Amino acid sequence: MKVGDLVASINNGVHYAEGVGIVLEPPRLSEDCFLGGAAPDETYYIVKVLWPDGIEEVFEDDCEVINESR
C-alpha cells in the first residue's frame, strides 16, 4: 500500500467506512508495537486514509487496495 492508492474498507465489525478512500501517508508501525506500548510483541501497521466522511487512521489490514497509484 502506498500514497495515492484507492482503498475500500473491509467490514470486519471494528472499522467500517463507506465509499472509496485515498491513502494519504505510507503505512507506519503502530506506537503500541514499540517497547513500552500496549502490544510490544505484535506487529501491525496504521495508514492515514481520506474517506468521504473525513481523514481517519485505520489498520492496514482493514483496507483493501482496489486501484494502485502509479
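Remember, predicted model here, so these are calculated numbers, not experimental data. (Residues numbered from 1 in each chain as written. Predicted model: local features only at pLDDT ≥ 70, side-chain atom pairs only at ≥ 80, totals over all residues. Heavy atoms only, no water.)

### Considering the nonpolar core
Just so we agree on the cut-off: What is meant by a nonpolar core is a set of buried Ala, Val, Leu, Ile, Met, Phe, Trp, Tyr and Cys residues, joined one to another through side-chain atoms within 4.5 Å. Using a 1.4 Å probe on the protein chains alone, a residue whose accessible area is under 20% of its type maximum counts as buried, one over 50% counts as exposed, and one in between counts as partly exposed. Numbered from the N terminus, helices here are DSSP runs of H or I no shorter than four residues, and strands are runs of E no shorter than two. A contact between two residues is defined here by any heavy atoms of the two lying within 4.5 Å.
If you look at the biggest cluster of nonpolar residues, it comprises eight residues: Val7, Ala17, Val23, Val47, Val49, Trp51, Val58 and Cys63. With three residues, strand β4 (residues 45–51) is the largest single contributor of residues to this core. Once residues within four sequence positions are removed from consideration, Val47 is found in contact with Met1, Val23, Glu25, Pro27, Glu56, Glu57, Val58 and Glu60.

### What to know about the confidence of the model for the protein
A low pLDDT score tells you not to read the predicted coordinates there in detail. Here is the rule: pLDDT gives the predictor's per-residue confidence on a scale running from 0 to 100.
Taken over all residues, the pLDDT of the protein has a mean of 84, while the share at 70 or more is 89%. For the protein, per-element mean pLDDT is lowest for strand β3 (residues 28–29), which scores 87, and highest for strand β2 (residues 20–23), which scores 94.

### A few points about the pairing of β2
Quick note on the threshold: For two strands to count as paired, DSSP must find a minimum of two bridges between them.
Of the two faces of β2, only one is covered, namely that formed by Gly21 and Val23; the face formed by Val20 and Ile22 stays uncovered. In terms of strand pairing, strand β1 (residues 6–9) meets β2 through three bridges, oriented antiparallel. Each residue of the ladder has a partner; that of Ala8, found in β2, is Val20. Relative to β4, β2 is paired through two bridges, and the arrangement is antiparallel. Bridged to Val23 within β4 is Val49.

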